[in-house]
Amino acid sequence: VCVAGYGQSDGNEILQLIPPPTLLTKETQGLCPERDFKVECGGFSERPVYSLKYVPDTSLLVTSGPPDSSLQVWQVSAEDSDVIKSVSTIATENGTGQSWAKIATISAKDPWVLHGTRLDRVQITEVESRKNVYTAASRGSEELSGLAFLDCNTLLLCCATGRLCLADIRQPQSLVEAVSVPSAPCSEQWCVGSRHAAQALEPSSQPVARLSSRGHLTLTDLRKSSEFLALAKARVPSPGSGADFLCVSWAPALEGYLAISGFDGTVHVYDTQSWDSSGREAEPIFVHKGHAFGGAGGSGDPPLVTVHTWHLQKPRTLLSAASDGSLHVWDWVQPCGKC
């Protein structure tokens, strides 16, 4: 598990942690005496790390963060070293003054990183050679909130306004737009969640979820991108500090389950299989409150969950991190009424 800091100082840590033994076993076991993560290797970043992605099948990490849209490439240490060192920088055209780049990685052909700050500045770069592989053609210049590889040829792009587009790297001039989000205040911001390219049997085998800063959720089937599959409203607190940490993700080993975070110190798990197009409030089947009870962060404010992710093999296990520097790994239990 890799984690990094996002403070404004020049000493933000990047760490690779070894999970506790209970996470490394395939079978469910009882109480484990060793419950802590251990630092395997680490390094320091001179800039805040707002996004960190592991490059599959390599020992490389890619990070991004202010003050510009460039990417930093890191080498995780060999066995005889405990240092994560910076090995290169992927510069971008007109990168100065732009917001930090959203990134996604894949190694279906070569180790690639998909990155961009705006819809008209999306590109794919070979991580090791820094060669440009693809540049999207778009007339729009909306700010991006997220992007992903659906497979080695298909890209998913989501704007902060909720606009969702599909791109095919074999047809650089073609962007297909999905159904727009329901009309909402212009201050509402959106993020996107899709099944990882390595997990999906085909690009359309899992709906795409969009989450707004007001708690609205939309599900879109990419095979019928002109209409909504389902609409719902999450039970979240009123919008506060913005949408910097909005996160929505699909469970890789459970059909129809997703988790959301970024509103407060909790992570909500939902079963979407009963959702329809009514947009009514959805009841979470589980709420993780561990970070909220962990104490105030450095600023004195209650901790805010900054990111969460699902364990790839353990169906009901998630990892989440918060603004107070806490990292939790936890299971949720199916409600008794659905046993």
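In what follows, the structure referred to is the one given above.
The rules behind the values
- Residues numbered from 1 in each chain as written.
- Predicted model: local features only at pLDDT ≥ 70, side-chain atom pairs only at ≥ 80, totals over all residues.
- Heavy atoms only, no water.
- Pairing = 2+ DSSP bridges.
- Helix = DSSP H or I, 4+ residues; strand = E, 2+ residues; numbered from the N terminus.
- Axes fitted to C-alpha atoms, helices over the stretch in contact; angles between N-to-C directions.
- Buried < 20%, exposed > 50% of the residue type's maximum accessible area, 1.4 Å probe, protein only.
- Polar contact = N/O pair within 3.5 Å; in protein donor to acceptor, adjacent residues only side chain to side chain.
- Contact = heavy atoms within 4.5 Å.
- Core = buried A, V, L, I, M, F, W, Y, C linked by side-chain atoms within 4.5 Å.
- Salt bridge = Lys/Arg side-chain N within 4 Å of Asp/Glu carboxyl O.

Trainee: Explain the sheet that holds strand β17 (residues 208-212) to me, please; I cannot follow it from the model alone.
Mentor: Two pairing modes exist for strands in a sheet, parallel and antiparallel, and in both the strands are linked by backbone hydrogen bonds. Spatial ordering of the open sheet is given by β16-β17-β18-β19, a layout of four strands whose pairing is antiparallel. Among the strands making up the open sheet, the edge pair consists of β16 (190-193) and β19 (230-233). Taking each pair of neighbouring strands and ignoring which way they run, the sheet shows an average axis angle of 20°. Pairing analysis gives four bridges linking β17 to strand β18 (residues 216-220), with the strands arranged antiparallel. Considered in β18, the bridge of Arg210 is made with Thr218.

Trainee: Would you mind going over the side chain of Arg47 with me for this structure?
Mentor: Topologically, Arg47 is positioned in the loop between β3 (38-45) and β4 (51-54). Of the residues examined, Arg47 reaches a relative accessible area of 18% and is grouped as buried. A distance of 2.9 Å separates polar atoms of two side chains, one belonging to Arg47 and the other to Asp68. Not counting chain neighbours up to four residues away, the residues in contact with Arg47 comprise Asn12, Gly65, Pro66, Pro67, Asp68, Ser70 and Gln72.

Trainee: Quick question: what am I supposed to make of the sheet that holds strand β13 (residues 154-159) here?
Mentor: Strand order across the open sheet formed by four strands is β12-β13-β14-β15, with antiparallel pairing between neighbours. Since the sheet does not close on itself, it has two edges, and those belong to β12 (144-149) and β15 (171-177), each with one partner. Put simply, the sheet's adjacent strands are angled 20° from each other on average, direction ignored.

Trainee: Just checking my understanding: could you explain the environment of Ser277 for this structure?
Mentor: Within the fold, Ser277 resides in the loop between β22 (267-271) and β23 (286-288). Assessed through its relative accessible area of 54%, Ser277 is described here as exposed. Residues Ser277 and Ala232, spaced 45 residues apart in sequence, show a C-alpha to C-alpha distance of 7.5 Å.

Trainee: Before we go on, may I ask you to explain the side chain of His308 in this structure?
Mentor: In this fold, His308 is placed in strand β24 (residues 305-310). The exposure class assigned to His308 is buried, which follows from its relative accessible area of 3%. A polar contact of 3.3 Å, which involves the side chain of His308, links it to the backbone oxygen of Ala259. If near-sequence neighbours (up to four positions away) are discounted, His308 is found in contact with Cys247, Val248, Ser249, Ala259, Ile260, Ser261, Val267, Leu318, Leu319 and Ser320.

Trainee: Quick question: what am I supposed to make of the pairing of β15 here?
Mentor: Here is the key point about a regular strand: its side chains alternate between the two faces of the sheet. Pairing of strand β14 (residues 164-168) with β15, which is carried by four bridges, proceeds in the antiparallel orientation. Across the sheet, the residue bridging to Ala167 is Leu175, located in β15. Connecting the antiparallel pair β14 and β15 is a turn made up of two residues.

Trainee: Could you clarify how one ought to interpret the nonpolar core in this entry?
Mentor: Soluble, globular proteins show a tendency: their nonpolar side chains are buried together. The biggest cluster of nonpolar side chains holds 19 residues, and the ones touching the most others in it are Leu211, Val248, Leu258, Ile260 and Trp275. When neighbours within four sequence positions are excluded, Leu211 is seen to be in contact with Gln189, Trp190, Cys191, His216, Leu217, Leu246, Cys247, Val248, Ile260, Ser261 and Phe263. Grouped together as the second largest cluster of nonpolar side chains are 18 residues, Trp112, Leu114, Ala136 and Ile169 included.

Trainee: Teacher, can you tell me more about the pattern of salt bridges here?
Mentor: Any two side chains of opposite charge can pair, given that their charged atoms come close. In total, this model carries eight salt bridges according to the counting rule given. Here Glu177 ties to Arg163 by a salt bridge, and the two come within 3.3 Å at their closest N and O atoms. Placement of the pair is Glu177 in strand β15 and Arg163 in the loop between β13 and β14, with a sequence separation of 14 residues. The shortest N-O distance in the salt bridge between Glu281 and Arg235 comes to 3.1 Å. On the criterion of sequence distance, the pair formed by Glu281 in the loop between β22 and β23 and Arg235 in the loop between β19 and β20 (247-250) is long-range, its members being 46 residues apart. Classification of Arg235 by relative accessible area gives partly exposed; the value is 41%. One network of salt bridges, with partners in common, ties together Glu142, Arg163 and Glu177.

Trainee: Looking at this structure, how should I read unusual backbone geometry?
Mentor: One can expect most non-glycine residues to show negative phi and most peptide bonds to be in trans. Cis geometry marks the peptide bond from Pro66 to Pro67; its omega dihedral reads 15°. If you trace the backbone, Pro67 turns up in the loop between β5 (60-64) and β6 (71-75). Positive phi, close to 65°, is recorded for Asp57, a residue that is not glycine. We note that Arg130 has phi near 60°; this positive angle belongs to a residue other than glycine.

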